[in-house]
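So you can see what is in the structure, the chains are spelled out below.
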Amino acid sequence: MANKFVTVPAASLETEVQPVRGRVVKSRWAHNLLTFLMVFGPGLIVMVADNDAGAVSTYSQAGAQYGTHLLWVVLLLLPVTYFIQEMVVRLGIATGQGHAAMIYQRFGRWWGLFSLVDLELVNFLTLVTEFAAIDLALNKMGVDPRIGVPLVAAGLVLMAVTGSYRRWERTVVFLCLLDLAWFAIAFRSHPPLWQIARGSLIPGMPPGGLTPDLMFLVIAVVGTTVAPWQLFFQQSCIADKRLRFADLKWARLDTFLGACITITVAGCMMIAGNASRVHGFTFTDPAQMAVDIGTFTSGFFKHAILLMMINAAVLGTTAISLSSAWAYGEVRGWPHSLQLPVRKAPGFYVVYLLCVAVAAGLVLIPRAPLQLIILGVQVLAGVMLPSAIIFLQLLLNDKELLGGYANKPWNNWVNWIIITVLFILSLILAAQVAAPNLFPAA
Amino acid sequence: MATMTNPIELHEPVNRFVVIHPLDDVPEEKVDTRNLGPMAMTLSVRISLLSLRAYLVLMMVLVFYHVLDLAGLFGRHG
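Presented here is a report on the structure given in the accompanying data block.

**Looking at the overall build of chain A**
Logical step 1: Each helix and strand counted, chain A has 19 helices and 2 strands in total.
Logical step 2: Rg of the C-alpha trace for chain A: 22 Å, near the compact-globule value of 22 Å for 442 residues, within the 12% margin.
Logical step 3: The dimensions of chain A, computed from C-alpha atoms along their principal axes, are 70 × 45 × 45 Å.
Logical step 4: For chain A, buried positions account for 60% of its 442 residues.
Logical step 5: Taking all contacts inside chain A whose residues are at least 6 apart in sequence as the whole, residues at least 24 apart take part in 81%.
Logical step 6: When the accessible surface of chain A is totalled, it reaches about 17,500 Å², and 68% of it is carbon and sulfur.
Logical step 7: Of the side-chain charges in chain A, 28 are positive and 21 negative, and the distance between the mean point of each set is 9 Å.

**Thoughts on the nonpolar core**
All names here are of chain A.
Logical step 1: Counting residues in hydrophobic clusters, the biggest one holds 165 residues, and the most contacted among them are Phe107, Phe131, Trp168, Trp182 and Phe233.
Logical step 2: For this core, the element with the highest residue contribution is helix α15 (residues 299-332), accounting for 18 residues.
Logical step 3: Apart from residues no more than four positions distant in its own chain, Trp168 is found in contact with Ile45, Met159, Ala160, Phe233, Cys237, Thr318, Leu322 and Leu338.
Logical step 4: Core analysis: the next-biggest nonpolar cluster, separate from the first, contains 6 residues, Val25, Ala30, Leu34 and Met38 among them.

**Section: the packing of helix α6 (residues 109-140) of chain A against helix α1 (residues 43-70) of chain B**
Logical step 1: Interhelical geometry of α6 of chain A versus α1 of chain B gives an angle of 30 degrees and a closest axis separation of 12 Å. Accordingly, the angle class assigned to the pair α6 of chain A and α1 of chain B is roughly parallel. For α6 of chain A against α1 of chain B, the interelement crossing comes out left-handed. For the pair formed by α6 of chain A and α1 of chain B, the contact residues are Trp110, Trp111, Phe114, Ser115, Asp118 and Leu121 of chain A on the first element and Leu49, Leu50, Arg53, Leu56 and Met60 of chain B on the second.
Logical step 2: Across the contact of α6 of chain A with α1 of chain B, the residue classes tally to 8 nonpolar, 1 polar and 2 charged.

**Observations concerning the interface of chain A and chain B**
Interfaces are frequently sized by the accessible area removed from exposure as the parts join.
Logical step 1: Residue-level contacts link 67 residues of chain A with 46 residues of chain B.
Logical step 2: Between chain A and chain B the total buried area reaches about 5,300 Å² when both faces are included, carbon and sulfur atoms providing 69% of it.
Logical step 3: In this structure, the connection of chain A to chain B is made through 3 salt bridges.
Logical step 4: Arg166 of chain A is the salt-bridge partner of Asp24 of chain B, the closest N and O atoms lying 2.9 Å from each other.
Logical step 5: Here chain A is connected to chain B by 16 residue pairs in polar contact (both at pLDDT 80 or more).
Logical step 6: No other element matches the 12 residues that helix α17 (residues 370-396) of chain A contributes to the side of chain A that touches chain B.
Logical step 7: By residue class, the composition of the side of chain A that touches chain B is 38 nonpolar, 14 polar and 15 charged.

**What about unusual backbone geometry?**
Residues and elements named next belong to chain A.
Logical step 1: One non-glycine residue, His190, adopts positive backbone phi at about 50 degrees.
Logical step 2: With respect to the secondary-structure elements, His190 resides in the loop between α9 (181-188) and α10 (193-201).
Logical step 3: Exposure remark for His190: the relative accessible area of 63% places this residue in the exposed category.
Logical step 4: Phi is positive for Arg242, close to 55 degrees, though the residue is something other than glycine.

What counts, and at which threshold
Residue positions are counted from 1 within each chain, in the order its sequence is given. Starting at A for chains and at 1 for ligands, labels are handed out in the order in which the entities are written. Given that the model is predicted, a residue must reach a pLDDT of at least 70 before its local features are reported, and side-chain atom pairs must reach 80 or more before they are shown or counted; all residues, however, enter totals for whole chains, interfaces and linings. Computation of side-chain values covers all heavy atoms of the structure but excludes hydrogens and water. In DSSP terms, a helix is any run of H or I states spanning at least four residues, a strand is any run of E spanning at least two, and both are numbered starting from the N terminus. Two things to know: the radius of gyration comes from C-alpha atoms, and the globule rule equals 2.2 Å times the number of residues to the power 0.38. Only protein chains enter the calculation, and the probe is 1.4 Å; a residue is then buried if its accessible area is under 20% of its type maximum, exposed if over 50%, and partly exposed in between. Every residue pair with non-hydrogen atoms within 4.5 Å of one another is taken to be in contact. For the area figures, the Shrake-Rupley method with a 1.4 Å probe applies, and any residue is considered shielded solely by the protein chains shown. The charged-residue count follows a simple rule in which Lys and Arg add positive charge and Asp and Glu add negative charge, with His and chain termini not counted at all. Taken as the charge centre is NZ of Lys, CZ of Arg, CG of Asp or CD of Glu, depending on the residue. Throughout this description, the term nonpolar core refers to a set of buried Ala, Val, Leu, Ile, Met, Phe, Trp, Tyr and Cys residues connected via side-chain atoms within 4.5 Å. Only the stretch in contact is used when a helix axis is fitted, and all axes are lines through C-alpha atoms; the angle between N-to-C directions ranges over 0 to 180 degrees. When an angle is under 35 degrees it counts as roughly parallel; over 145 it counts as roughly antiparallel; between 65 and 115 it counts as roughly perpendicular; any other value is oblique. A crossing counts as left-handed when the near helix is turned anticlockwise from the far one by less than a right angle, and as right-handed when that turn is clockwise. Note that Gly is not counted as nonpolar here; it falls among the polar residues with everything else outside the nonpolar set of Ala, Val, Leu, Ile, Met, Phe, Trp, Tyr, Cys and Pro and the charged set of Asp, Glu, Lys and Arg. Two parts placed together each lose some accessible area; with a 1.4 Å probe, that loss summed over both constitutes the buried area. When a carboxyl oxygen of Asp or Glu lies within 4 Å of a side-chain nitrogen of Lys or Arg, that pair is called a salt bridge. Residues adjacent in sequence count toward polar contacts only when both atoms are side-chain atoms; beyond that, a polar contact is any pair of N or O atoms within 3.5 Å, and within protein one must be able to donate a hydrogen and the other to accept it.

Shown next, in the form of structure tokens:
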């Protein structure tokens, strides 16, 4: 491929706009590959960031308690997560605006405000859980969290305030690719390949049957794989990156690849949990699981899992904080772009900074009720998800807004099935946590 | 709508394609959402959304109460 920069005069541009810069390639194949690489990013990031600290905990717990028996549930979530995010891709590309802005404009101020408050509340609580995981992992690595947590928070802020979307995206894509280390971790635990194939492809009930504990874990797995912030994040990210109509097929591919990676990595986390179970360890938290795995592999793998925990929390934090900052900026009408320097979008960056700083600060408060916050997050996210998807579904049927990009009847069938299942699961989860006495003990 | 992503032949004997990063491209014309105004919703959609909102508020209060209860604010837990 003979690449060189070329400047193509843009006829329709205003005089103050920079001339268009492009890259010349000689074959269609190279053109397609390069176009994909340029569009690539939002789909991968939203999916991999979804494997955040809470997800590491949930998947490894599922593996530690039920071995490879729940792998099929994760695999089943691959089309679910792709279908939902694909709608977000269409909406983002067609409107060039974020999800919060769309709800505000199409459903009015009242609904917009409710959606924003819901999002900001759950996002903030989730951020606290991300920093709680960082605190836990640093402790196990022998690093004082009072030093480590503020350093991670500072890194997260520096990552976003460079005034360049591309710089932020490249950093985050690099962190996403680090997540592939979970393959090595799973492989090193000498996974039972036949059991994995059977657990992934043949739906079945773990030994012991359907218990409230199993139900809770399955719902937690579903809730952690599809989260409300993802809708807001990916649409705003696409708007900020200014993806074009012609980029739609590449953005879909980006999202699909991201979904495949995140689901496979989730499976690897379950396999790691299964390895600790096979060696007779009882699951308490993923950091302790890392220590346990270190005893029968090597210290390297213990530190690798702890670092992956921190990486997952960092990815989750930057994506969730940005979804909050973008949504708030869209609703308030403030400038809200990673392309803008801090002085041109102060409100946007202040929201991002506050999200990171307050969540990190809360974790450092001695005896802060972190377990209660984690519990609250799981339930609230599960309860709110169907509601968030219903707004998405209504927007995707808005022909006035989307024209030819609106949902087809088969899209609607698939989505209503997903919404119904999620709604039932959220109802069970909420009832199980809010009124545990309703359910018999396992 | 202006887009520069489609292959552009540079009028040379060899095929050449220009690929432009979205951030370097001409801003594309999108749907003018501001002038569309609020979406027209039928009564059943309004009622469904209101019911959903009521359910969400109720669940949030329930979860908040449960968390405070677990924290021992009502004196039943240590």
